[in-house]
Amino acid sequence: MFDIFGIDPLSVLIFGPAISAFIVAALAQLAPSKTVARWTALTLSILLAMVAVAVFLVYQQATPAIGEDQFLFQIDVPWFEALGARWHLGIDGISATMVLLTGLLTPSAILASWNVEDRPNMHLALLLFFETGSMGVFVAMDLMVFFLFYELSLVPMYFLINQWGSLPKEGAKYSGRYYASTKFMIYSIGGTLGMLLATQLIGWSSGTYEIAALAQQWPMFRQGEMLMGVDVASIKALAFIGFMVAFGIKVPIWPFHTWLPDAHGEAPTAGSMLLAGVMLKLGAYGFIRLVIPLFPDVWISDVALIGVNVATLFAILSVMGIVLGAFAAFGQDDIKRLVAYSSVNHMGFVGIGIAVMAQLYGQIWAGTNGVDTQTAILAANGTVLQMFNHGLSSAGMFLLAGGLYHKTHTRELSAYGGLWVKAPIMGAIFIFTSLASLGLPGLNGFVSEFLIVRGAWPVFTGLTVISMVGLLFTGGYILKGIRAVLHGPFNLHWKDYNLELTRAEFVAMAPLMVLMLITGLYPNWILPIINSTVTTLFSGLAG
C-alpha cells in the first residue's frame, strides 16, 4: 500500500475534499478573482482524482484471491469510545469502484460549473464538500461512520439546488428550486430518521458498530429470542424497514422516486451530475453493504398481505420503476426531467440485481439446497457495474442537458430542433452518450444490464420479461430526445446563438466518453475486482 505524507490515502480522500472546500471558500475573501477560485478548485479536485485512481490501481494490482479478506487500505483506530464506534476505513472491490467513480466525476462537475458567476467560490466548495460525504460512505467499515457521512452528503446538495438551481420560468414569481430542494431534504431526512434508530438499535444490541462483525452477529438473532422484551423478529423487521426506506428513497425505488425529477429539473448542471452519478449510488451501495448481509432472514420472509417474500416485493417495485420510469421519460417535454426519469428506469435494473442478490443470499444463509451461487454472482457483478456505468452516462447526459439550458435558457424539447447544424460536436457527443445510456452493444450500458438480466432470469423470470417493456421504451425516449434536439427543421430562433460545447464542457465529457467506450469493449479492466469481492461474499456464505 502507500501513504501521502504519512497519511493513509482513504483519510486523504475523505478530508482532502473538505480541506479543499474551505480553501476555495476562503479565496472569496483572500483572492476575489473568480478565475483563481475555479482553477484552484479544479486543480485540487484533479489531485484528489489522482489519489482515487491510484487507490483503485493499487487495489487492482493487489486484488485479494477469492476467499481471502477483500478489504485493503484498512485503518482502524478508536473514535467514539462511549458508543463503541471506531474510525475504521477500508475498501473492497465494490467500494474501490465507487471511489473511482466519485473521484472522476468531481472534476467533471467543477468543469461543468466553469461559467457559474453567482458566488462561484461557495458553489465549487459545496461540490468538493459533497465529495467528502460520498467518499466517507464508500470507505466506511463502521456503521456509525457510515451514517455520519451518509447524512453529511445531503447538506451540500440541498444548498446547491436551493441557491444555484434554475431561474423562475417565464411568468412565474418564484423558482421551482425552493420547492425541489425542500422536497429533496424532507424525503432524505425523513428516510434517514428510521435509519438512525436502526443503526443505534443494531449497534447497542450487538455491542459493536463494525460492519464486518455485524454481518456475522446480527443475522444470528434468530426468531423466538427476546430483545428488550420484544420478539427479535419484530425488532429485525422494524430495523430492516428503517434501512429499506432510507436507501429506497436514495436509489430511488418506485414509489419513493417522486423527489428525483423535481430535484434534477431544478438543480444546477454540476448538482445534477453528482446527484445522478454519485448520490443515487449511495442508496444502492447501502443495500449491498448493509441490508443484504444484515437481514438475510428478513429478505426471504413472506409479506402476508401479498403472498411473496420481501426480495420478490423489492423486485416488483424495481420493475415498476423500470417500466413506469420509461413511460414517464417518454412523455416528457423537459429535457432534464426526461433524463431524470431515465435514472429511475436505469436504477430499476440495479434494484432487480439487488433483489436477486438478497433472495439468493438469504436462501444460502438459511441452508436451502440447490441454490445457484453462480446466478447470484452474475447479478451482483452486473449490479455494481451498472452503478458505475450509470454514473458515467447519467452525468454525461446531465452535463449536455445543462449546457443546452444555460445557452438557450429553456429546457423544453419542443423549443429545440435541428441543432446539429449549429453544434455538430455537441450533436455527436449527445448521440454517443444517449446510445451508451440506451445500452447499445459496444458501449458500457449493455454489459452491466446484460449481466443483471442474465442473473435475474432464473430467479424472477416473469418480472424480467415485464422489465423488457421498459427496455423497449428506453429506446423510445432516447430516440425521441435525439430527434427533438438534433434532427428535423432547424429552429431559426437559435440562428444567432452559439450552442456548441464550450472547451470546459468538452474536457469534462472526454474522460466519461473514454470510459463508456472502454468499458463497453473491454469490461474486464474493472470486472475482476468486483467479481473477486462478490464471489467471496457468496462462496464464503455457501462454504
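Scroll up a little and you will see the structure.
Draft legend 1. The overall build of the protein, seen in detail. Looking only at helices and strands, one finds 20 helices and six strands in the protein. On C-alpha atoms alone, the protein measures out to a radius of gyration of 22 Å, which is about the 24 Å that the 2.2 N^0.38 rule sets for 543 residues. Dimensions of the protein, computed from the C-alpha atoms along their principal axes, are close to 75 × 55 × 45 Å. Scored against the burial criterion, the 543 residues of the protein give a buried share of 61%. Long-range contacts, defined here as pairs at least 24 residues apart, represent 79% of the contacts in the protein between residues at least 6 apart. Side chains of the protein give 23 positive and 28 negative charges; the mean places of these two sets differ by 12 Å.

Draft legend 2. Quick peek at a nonpolar patch on the surface. On the surface, a cluster of nonpolar side chains totalling about 350 Å² of accessible area is made up of Ile316, Met320, Leu324, Phe327 and Val469. Within the secondary structure layout, Phe327 lies in helix 13 (residues 310–330). For Phe327, a relative accessible area of 37% translates into the label partly exposed.

Draft legend 3. Region of the structure containing helix 2 (residues 34–61). When the terminal C-alpha atoms of helix 2 are compared, their 40 Å separation across 28 residues agrees well with the 40 Å that a helix rising 1.5 Å per residue should span. Here helix 2 starts with a cap whose side-chain oxygen sits 3.3 Å from the backbone nitrogen of Thr35, and that cap is Ser33.

Draft legend 4. Structural view of unusual backbone geometry. Here the bond from Val251 into Pro252 is cis, since omega is -5°, no more than 30 degrees from zero. Note that Pro252 resides in the loop between helix 9 (232–250) and helix 10 (259–266). The omega angle of the peptide bond from Trp254 to Pro255 is 5°, so this bond is cis rather than trans. Note that Pro255 resides in the loop between helix 9 and helix 10. The phi dihedral of Arg119 falls on the positive side, at around 45°, and the residue is not glycine. Residue position: Arg119 is located in the loop between helix 3 (93–112) and helix 4 (120–139).

Draft legend 5. Structural view of the packing of aromatic side chains. Applying the stated criterion across every chain, the model contains 25 aromatic pairs. Note on Tyr158 and Phe159: the rings are 5.1 Å apart at their centroids and 75° apart in plane angle, and the pair reads as edge-to-face. Geometrically, the ring pair formed by Phe287 and Phe314 is edge-to-face, given 5.0 Å between the ring centres and 65° between the ring planes. Residue Phe287 is found in helix 11 (residues 269–294), and its partner Phe314 is found in helix 13; the two are separated by 27 residues along the sequence. Considered together, Phe287 and Phe314 belong to a single accessibility category, that of buried residues. Over the face of the ring belonging to Trp164 we find Arg119, whose NZ or CZ atom lies 4.6 Å from the ring centre. Over the ring of Trp259 we find Lys250; its NZ or CZ atom is 5.8 Å from the centre of that ring.

Draft legend 6. Highlighting the pattern of salt bridges. Tallying each qualifying case throughout the model produces 12 salt bridges. Of the charged contacts in the structure, one is a salt bridge between Asp297 and Lys236, with a shortest N-O distance of 2.7 Å. One end of the pair, Asp297, is in helix 12 (residues 296–299); the other, Lys236, is in helix 9, and 61 residues separate them in sequence. We note that Asp297, like Lys236, is buried. The closest approach of N and O atoms between Glu505 and Lys407, which form a salt bridge, is 2.9 Å. Of the two residues, Glu505 is situated in helix 19 (residues 503–521) and Lys407 in helix 15 (residues 373–408); the sequence distance between them amounts to 98 residues.

Draft legend 7. Here's a closer look at the nonpolar core. One finds Phe243, Phe295 and Trp299 to be the most contacted residues of the largest nonpolar core, which totals 186 residues. Aside from chain neighbours lying at most four places away, what touches Phe295 is Ile202, Trp218, Lys236, Ala239, Phe240 and Phe243.

Draft legend 8. Structural view of the pairing of strand 2 (residues 85–91). With six of its seven residues buried, strand 2 lies for the most part within the structure. Of the pairings in the sheet, the one linking strand 1 (residues 72–80) to strand 2 comprises six bridges and is antiparallel in character. What sits directly across from Val77, in strand 2, is Trp87.

Draft legend 9. Just the side chain of Ser11, in detail. Residue placement: Ser11 occurs in helix 1 (residues 9–30). In contact with Ser11, not counting residues within four places along its chain, are Gly16, Trp87 and Leu89.

Draft legend 10. Seen up close, the side chain of Glu449. Take Glu449: it is sitting in helix 17 (residues 444–456). It is Lys281 that comes nearest to the buried, bridge-free Glu449 among opposite-charge side chains, at 11 Å. Residues contacting Glu449, with those up to four places away along its chain left out, are His346, Phe349, Gln386, Leu438 and Leu471.

Draft legend 11. Structural view of the packing of helix 3 against helix 19. Put simply, helix 3 and helix 19 touch, their axes get as near as 8 Å, and they point 155° apart. For the element pair helix 3 / helix 19, the angle class is roughly antiparallel. The element helix 3 and its partner helix 19 pack so that their crossing is left-handed. For the pair formed by helix 3 and helix 19, the contact residues are Leu104, Leu105, Ser108 and Leu111 on the first element and Ala504, Val507, Ala508, Pro511, Leu512 and Leu515 on the second. Each residue belonging to the contact of helix 3 with helix 19 can be placed in one class, and the counts come to nine nonpolar, one polar and no charged.

Draft legend 12. View of the environment of Leu143. Within the secondary structure, Leu143 sits in helix 5 (residues 143–152). Residues within four places of Leu143 in sequence aside, it is in contact with Thr199, Ile202, Tyr209, Ile211, Leu214, Phe243 and Leu290.

Draft legend 13. Focus on the packing of helix 15 against helix 17. Remark: helix 15 packs on helix 17, axes separated minimally by 7 Å, with the N-to-C direction vectors making an angle of 150°. Judged on the interaxial angle alone, helix 17 and helix 15 are roughly antiparallel. Note on packing geometry: the crossing formed by helix 15 with helix 17 is left-handed. Of the residues in helix 17, those touching helix 15 at Thr375, Leu378, Ala379, Asn381, Gly382, Thr383, Leu385, Gln386, Asn389 and Leu392 are Asn444, Gly445, Val447, Ser448, Glu449, Leu451, Ile452, Arg454 and Gly455.

What counts as what
Residues numbered from 1 in each chain as written. Predicted model: local features only at pLDDT ≥ 70, side-chain atom pairs only at ≥ 80, totals over all residues. Heavy atoms only, no water. Helix = DSSP H or I, 4+ residues; strand = E, 2+ residues; numbered from the N terminus. Rg over C-alpha atoms; globule rule 2.2 N^0.38 Å. Buried < 20%, exposed > 50% of the residue type's maximum accessible area, 1.4 Å probe, protein only. Contact = heavy atoms within 4.5 Å. Lys, Arg positive; Asp, Glu negative; His and termini not counted. Charge placed at Lys NZ, Arg CZ, Asp CG, Glu CD. Patch = residues over 30% accessible without salt bridge, like charges linked within 9 Å, V, L, I, M, F, W, Y side chains within 5 Å. Areas by Shrake-Rupley, 256 points an atom, 1.4 Å probe, with all protein chains shown as cover. Salt bridge = Lys/Arg side-chain N within 4 Å of Asp/Glu carboxyl O. Expected span 1.5 Å × (residues − 1). Polar contact = N/O pair within 3.5 Å; in protein donor to acceptor, adjacent residues only side chain to side chain. Phe/Tyr/Trp six-rings, centres within 6.5 Å; stacked < 30°, edge-to-face > 60°. Lys NZ or Arg CZ within 6 Å of the ring centre and 35° of its normal. Core = buried A, V, L, I, M, F, W, Y, C linked by side-chain atoms within 4.5 Å. Pairing = 2+ DSSP bridges. Axes fitted to C-alpha atoms, helices over the stretch in contact; angles between N-to-C directions. Parallel < 35°, antiparallel > 145°, perpendicular 65-115°, else oblique. Left-handed = near helix turned anticlockwise from the far one by under 90°. Nonpolar A, V, L, I, M, F, W, Y, C, P; charged D, E, K, R; others polar.

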